[in-house]
Number of protein chains: 2
Amino acid sequence: MSALDALISHISRLPGIGKKSATRIAYYLLEHDREIATRLAESIATLHDRVELCTECGRYTEQQPCDVCSDPSRDHRTICVVERAQDAEVIEQSGEFSGLYHVLGGVLSPIDGIGPGELRVSELFDRIGRLGVTEVILATNPSVEGDTTALYLVKMLQERGISCSRLALGLPVGGDLEYADRLTLARSLRGRTRY
Amino acid sequence: MSALDALISHISRLPGIGKKSATRIAYYLLEHDREIATRLAESIATLHDRVELCTECGRYTEQQPCDVCSDPSRDHRTICVVERAQDAEVIEQSGEFSGLYHVLGGVLSPIDGIGPGELRVSELFDRIGRLGVTEVILATNPSVEGDTTALYLVKMLQERGISCSRLALGLPVGGDLEYADRLTLARSLRGRTRY
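Here we take up the overall build of chain A. Across its full length, chain A holds eight helices and six strands. In sequence order, chain A lays out its α and β elements as α-α-α-α-β-β-β-α-β-α-β-α-β-α. In terms of overall dimensions, chain A is more spread out than a globule: its C-alpha atoms have a radius of gyration of 21 Å, far above the 16 Å expected for 195 residues. Per-residue burial for chain A yields a buried fraction of 42% across its 195 residues. At a minimum sequence separation of 6, the contacts of chain A that also span at least 24 residues come to 48%. Of the side-chain charges in chain A, 22 are positive and 28 negative, and the distance between the mean point of each set is 5 Å.

Here it is as structure tokens:
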């Protein structure tokens, strides 16, 4: 296989990139300064050496523990539970949350053989005990698996007297009623906020 | 800047990739086997060392001259002129052309200061003389610049008694009249083929 075909094949395995986009990117790298390709390659090559999982919360970090876990100004008694590391970044960017995170590393899925043992559930309860956590926000995705996983955790959390909540479901900001799906609209009505 | 942010910024500079896609790709590389990132990085890093321009036709190649120029079974008296190296690959994939290629490296564009001297025009006429080329297919893009460039070359080629042609304009195969734009439909009518 030629160097160009090999690169196109590597790129087209990335998420959201088909053969055409991969070809375009490969030619872009060829046509432009060698420096662009060199920097990109280096950045990809050193990624796994520089970034690791925070031993506390499971976010990606370059220091142990991560900047959130080691920040004394954050509320260490509130934990937001997310499925994947990148979900924590999305919530962080909203600027609405000042507690700590806990990455589960997935959701319960009996079909795929993923039970509580495959997720970072015992680590969550270990942290809750250690930090004296009083509130847990369940921010798993609003999917069947996400809901099931949240419900599973809520039961165990409530037994320990910990306050639990789930992200609100409803219309997206700037959205249009016309384009909302039936289920979202139903949830948005059920969860309406009073003036 | 963190390693992850740096990578996301490098990736989002690639064509057709925005911030969201870049983030998704960066996390994909982090979440998956280190091997995937290593192979991709290597492939990008060695690209410029392995691939160069064919000194004859200007296509990207790993040998001099390229596989098309060095293939004796191809018609060395017919040359297909294209704007960019990747255009030659697209025509090659159609399986309809058995001659040689010539990459111009762009199109005439006085506004951008690109005249015949900036393109591989003298190289084209050098090859035409050397190979005894009798037919030239002008496969520049059906744009104003592409048309102008083709017309410029046609004049010079016809003066030398060389047969010239241009790619046909018309409806795409499998296309729908309803979705064809007015200009394409007009050209498709004007260039209708008789039974």
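There is more to say after this.
Let us now look at the pairing of strand S3 (residues 75-82) of chain B. Residues and elements named next belong to chain B. Where S3 lies against strand S4 (residues 99-103), five bridges are found, and the strand directions are parallel. Within the sheet, the bridge partner assigned to Ile79 lies in S4 and is Leu100. In this structure, S3 lies alongside strand S5 (residues 135-138), joined through four bridges in parallel fashion. Pairing of Val81 across the sheet is with Leu138, part of S5.

Superposing chain A onto chain B takes a rotation of 180° plus a shift of 0.0 Å along the axis, which leaves an RMSD of 0.1 Å. Here the transformation between the copies is reduced to the relation of a two-fold axis. Looking at the rotation axis and the C-alpha trace of chain A, the residue lying nearest is A:Ala41, at 2.1 Å. A share of 100% of the interface residues of chain A reappears at the interface of chain B, consistent with the copies meeting face to face through the same patch.

Residues and elements named next belong to chain B. Within the open sheet, the four strands sit side by side as S4-S3-S5-S6. Their pairing is parallel. Each edge of the open sheet carries a strand with a single partner, namely S4 and strand S6 (163-166). Strand-to-strand twist of the sheet, defined as the mean angle between neighbouring strand axes without regard to direction, takes the value 25°.

By the assigned domains, chain A splits into domain 1 (3-50) and domain 2 (75-166). Centre-to-centre separation of domain 1 of chain A and domain 2 of chain A, based on C-alpha positions: 35 Å.

The next thing to look at is the packing of helix H1 (residues 3-11) of chain A against helix H3 (residues 34-45) of chain B. A pair of packed helices is captured by two measures, namely the crossing angle of their axes and the spacing between those axes. Interaxial distance between H1(A) and H3(B) falls to 9 Å at its minimum, and their mutual angle equals 145°. Seen from above, H1(A) lies across H3(B) with left-handed handedness. Facing H1(A), whose interface residues are A:Ala3, A:Ala6, A:Leu7, A:His10 and A:Ile11, H3(B) presents B:Arg39, B:Leu40, B:Ser43 and B:Ile44. Grouping the constituent residues of the contact of H1(A) with H3(B) by class yields six nonpolar, two polar and one charged.

With 41 residues of chain A in contact, the opposing surface of chain B contributes 41 residues. It is A:Leu30, A:Ile44 and A:His48 in chain A that bury the most area against chain B; as a group they hold 16% of the surface buried on that side. Summed over the shared surface of chain A and chain B, the result is four salt bridges. Close ionic contact of A:Arg84 with B:Glu31 constitutes a salt bridge, the shortest N to O distance being 3.6 Å. Across the contact surface, chain A and chain B share 11 residue pairs in polar contact (both at pLDDT 80 or more). Of all the secondary structure elements, the ones that give two or more residues to the side of chain A that touches chain B are H1, helix H2 (19-31), helix H3 (34-45), helix H4 (47-50) and helix H5 (85-94) of chain A. Partitioned by chemical class, the residues of the side of chain A that touches chain B number 23 nonpolar, seven polar and 11 charged.

So, about unusual backbone geometry. Cis geometry marks the peptide bond from A:Gln64 to A:Pro65; its omega dihedral reads -15°. By secondary structure assignment, the location of A:Pro65 is in the loop between strand S2 (60-61) and strand S3 (75-82).

Attention shifts here to the sheet that holds S3(A). Residue and element names in this part refer to chain A. Here four strands make up an open sheet; going across it, the order is S4-S3-S5-S6 and the pairing parallel. One side of each edge strand has no neighbouring strand; the edge strands of this open sheet are strand S4 (99-103) and strand S6 (163-166). Looking at each pair of strands side by side, their axes are set apart by 25° on average, direction ignored.

The rules behind each value
- Residues numbered from 1 in each chain as written.
- Chains lettered and ligands numbered in written order.
- Predicted model: local features only at pLDDT ≥ 70, side-chain atom pairs only at ≥ 80, totals over all residues.
- Heavy atoms only, no water.
- Helix = DSSP H or I, 4+ residues; strand = E, 2+ residues; numbered from the N terminus.
- Rg over C-alpha atoms; globule rule 2.2 N^0.38 Å.
- Buried < 20%, exposed > 50% of the residue type's maximum accessible area, 1.4 Å probe, protein only.
- Contact = heavy atoms within 4.5 Å.
- Lys, Arg positive; Asp, Glu negative; His and termini not counted.
- Charge placed at Lys NZ, Arg CZ, Asp CG, Glu CD.
- Pairing = 2+ DSSP bridges.
- Least-squares fit on C-alpha atoms with pLDDT ≥ 70 in both.
- Axes fitted to C-alpha atoms, helices over the stretch in contact; angles between N-to-C directions.
- Domains from an automatic or database assignment.
- Left-handed = near helix turned anticlockwise from the far one by under 90°.
- Nonpolar A, V, L, I, M, F, W, Y, C, P; charged D, E, K, R; others polar.
- Buried area = accessible area lost by both parts, 1.4 Å probe.
- Salt bridge = Lys/Arg side-chain N within 4 Å of Asp/Glu carboxyl O.
- Polar contact = N/O pair within 3.5 Å; in protein donor to acceptor, adjacent residues only side chain to side chain.

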